[in-house]
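# Chain and residue survey
As a plain string of letters, each chain reads:
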Amino acid sequence: MKNLWLMFLIVCGVFTLSSCSDDDEDNAKCPVSVSEMSKSATIGAEYRIKGSGFASIAKFSFQNETVTSYLEDVQITPTEVIFTIPNTLIAGKYDLMLEQEGSWKLGEVTLVVKDLPVTDLKLPDSMEIGNEVLIEGNGFTEDMKLFLVPAEGDKVEMDIKLAENGIKAVVPDNAIAGDYSLFLIQGNFEWNLGTVNVTKPVVKRIKSFIFDMGMGTEMVQTWKLGYNDDNRLTSIDVTWMENPYAAYQFVHSENKIEVVSDGYYFDLKDGKIVYNSFSKQNWEYDDNNYLNFDGEHEIKYENGNWISCDYNQLVYNDPTLKSKSTAVDMSAYIFKFLLVALGDDDYMDIFLPHILNICGTTSVNLPSGFMNLETGEEVKFEYVFDDHGYVEEVKTFSAMMEATLSLQFEYEVVE
């Protein structure tokens, strides 16, 4: 019986020393009394210590043989301490330390990582800057955030949206090519999903495009584009119904582009067309560098997008539709071929300068459709993109022709 009592005293003595001890030779008394604290906790979760004697100036930290991590934003009352365990810590055992009238060990805490809420995770082999990529997995939610974290430097947040079998994420343009750790954050919790390689964007130019009226090969118009070593457009060859239809040759100088095949020219200022010698008209721009008048047609932009030319109107109801072909305004191609190609005015006087990219600021988005002037309803476009986000095809249905009109693009990589 005496031996049992002695063992009880020894155990109590060990518990007292481990719960609040001091390395000071004077063996000063711990200023606080702890009545409740957990021996394990989840990184990123809230942690509470209950007891008495806690001062508002007290400091708390997690320590082990390799790290000392002081806690921030600690809520302190005389009887309770509340804080969030930092995500900078890794799983393992730590001493929870108090600095108040000395340095005291409150106890040992084992930190664990919260289980990843996503299952069947599959990361892509690489991610291209500016391009959308699918991260497969089950359990992604709208309150989650995704970050690229380099070995050195600031983390970069990715734009994400939920997909049927995961999330779609876009590497922002301010990212730099290289290896990153991909972190998923939900509230105070974060998980390192693994290492991903971010690559430079693939730059392409339009090699050719085809307008298909959906009535067989005889109703197909093909445009083939040629460039010089400076990546300037120098020629266009057009076939219509499998026969040569038109050919354009361009000669570039500092402030002029000559359409030598047709004997007229475009005067330029600051890279923009300001005069068309064929129509003998001056071109005008607004304060934001958007074209608003070519001497014959009135052009309107709204929220950075070309919405109308004369009475024809494009619609932008999907802000996620964006063009990778920033060197040209894809809205001009869509306007010309899917909206007014069957009309009386072929709009070539405004379309050629757009192909040459001399019409000021290009549209931010791709149009989701066009406005049917008879019904007042949107006629939608359907897009097909390649692996790098470039438009491969745009389609829409023509009720008048009872056929699907299609505009198809072929690209080549610009080295």
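Note that the structure is predicted; figures quoted are calculated from it, not measured. (Residues numbered from 1 in each chain as written. Predicted model: local features only at pLDDT ≥ 70, side-chain atom pairs only at ≥ 80, totals over all residues. Heavy atoms only, no water.)

Strand β29 (residues 305–309) sits mainly inside the fold: five of its five residues count as buried. In terms of strand pairing, strand β28 (residues 299–302) meets β29 through four bridges, oriented antiparallel. In the sheet register, lysine 300 faces β29, and the bridge partner there is serine 308. Where β28 folds back on β29, the antiparallel hairpin that results is connected by two residues, among which asparagine 303 adopts a positive phi of roughly 55°. Looking at chain direction, β29 and strand β30 (residues 312–315) are connected through two bridges and run antiparallel. Pairing of serine 308 across the sheet is with glutamine 313, part of β30. Between β29 and β30, which pair antiparallel and follow one another directly, the connecting turn spans two residues, one of which, aspartate 310, has a positive phi of 60°. (Buried < 20%, exposed > 50% of the residue type's maximum accessible area, 1.4 Å probe, protein only. Helix = DSSP H or I, 4+ residues; strand = E, 2+ residues; numbered from the N terminus. Pairing = 2+ DSSP bridges.)

Our focus in this paragraph is unusual backbone geometry. Although it is not a glycine, aspartate 120 adopts a positive phi angle of roughly 55°. With a relative accessible area of 59%, aspartate 120 lands in the exposed category. In this model, asparagine 303 sits at a positive phi of 55°, which is unusual for a non-glycine residue. With respect to the element layout, asparagine 303 can be found in the loop between β28 and β29.

One pass over the full model with this rule turns up 26 aromatic pairs. Considering the side-chain rings of phenylalanine 209 and phenylalanine 337, the 5.5 Å spacing of their centres and the 70° angle between planes classify their relative orientation as edge-to-face. Here phenylalanine 337 lies in helix α2 (residues 330–339) and phenylalanine 209 lies in strand β18 (residues 204–212), a separation of 128 residues in the sequence. Here the two residues phenylalanine 209 and phenylalanine 337 agree in accessibility, since each one is buried. With 6.5 Å between their ring centres and 5° between their planes, tyrosine 248 and phenylalanine 250 make a pair best called stacked. Three or more aromatic residues joined by ring pairs make a cluster, and in this case those are Phe209, Phe211, Trp223, Tyr333, Phe337, Phe351, Tyr390, Phe409 and Tyr411. (Phe/Tyr/Trp six-rings, centres within 6.5 Å; stacked < 30°, edge-to-face > 60°.)

One open sheet holds the five strands; their spatial order is β2-β9-β8-β4-β5, and the pairing between them is mixed. Of all strands in the sheet, those bounded by a partner on one side alone are β2 (40–42) and β5 (68–70). Strand after strand, the sheet turns through a mean of 35° between neighbouring axes, direction not considered. For strand β8 (residues 92–99) and strand β9 (residues 103–112), the ladder comprises eight bridges, and the chain directions are antiparallel. Looking across to β9, one finds that lysine 93 is bridged to threonine 110. (Axes fitted to C-alpha atoms, helices over the stretch in contact; angles between N-to-C directions.)

A separate point is the environment of arginine 48. For arginine 48, the location among the structural elements is in strand β3 (residues 46–52). Residue arginine 48 is classed as partly exposed on the basis of its relative accessible area of 39%. At 3.1 Å, the side chain of arginine 48 and the side chain of glutamate 46 are in polar contact. Among the polar contacts listed, one links the side chain of arginine 48 to the side chain of glutamate 80, at a separation of 3.0 Å. (Polar contact = N/O pair within 3.5 Å; in protein donor to acceptor, adjacent residues only side chain to side chain.)

Strand order in the open sheet made by the eight strands is β10-β12-β15-β14-β13-β16-β17-β11, with mixed pairing throughout. Sheet topology places β10 (119–122) and β11 (126–128) at the edges, where each strand pairs with a single neighbour. For this sheet, the mean angle separating the axes of adjacent strands, direction not counted, is 35°. Here strand β13 (residues 144–149) runs beside strand β14 (residues 156–163); their pairing, made up of three bridges, is antiparallel. Looking at the pairing, leucine 146 lines up with methionine 158 of β14.

To continue, consider the pattern of salt bridges. Summed over all chains, the structure comprises 10 salt bridges. A salt bridge links aspartate 95 to lysine 105; the nearest nitrogen and oxygen atoms lie 3.4 Å apart. Taken together, the residues span a long stretch of sequence, with aspartate 95 in strand β8 and lysine 105 in strand β9 at a distance of 10 residues. Under the relative-accessibility criterion, aspartate 95 is labelled partly exposed at 24%. Note that lysine 161 is salt-bridged to glutamate 132, the shortest N-O span being 3.5 Å. (Salt bridge = Lys/Arg side-chain N within 4 Å of Asp/Glu carboxyl O.)

Okay, the pairing of strand β35 (residues 403–413) next. Consecutive side chains of a regular strand alternate in pointing toward one face of the sheet and then the other. Looking at chain direction, β18 and β35 are connected through eight bridges and run antiparallel. The residue of β35 that forms the bridge with isoleucine 210 is glutamine 408. Note that strand β34 (residues 391–398) and β35 share six bridges and pair antiparallel. In the strand pairing of β35, threonine 396 is matched with leucine 405.

Core analysis: the biggest nonpolar cluster contains 62 residues, and Phe209, Trp223, Ile236, Tyr333 and Phe409 have the highest contact counts within it. Of the residues forming this core, the biggest block, seven residues, is contributed by α2. Once residues within four sequence positions are removed from consideration, isoleucine 236 is found in contact with Trp223, Lys224, Leu225, Ala246, Ala247, Tyr248, Phe250, Leu352 and Ile355. If you look at the next biggest cluster of nonpolar residues, it comprises 24 residues, including Met144, Met158, Ala175 and Val198. (Core = buried A, V, L, I, M, F, W, Y, C linked by side-chain atoms within 4.5 Å. Contact = heavy atoms within 4.5 Å.)

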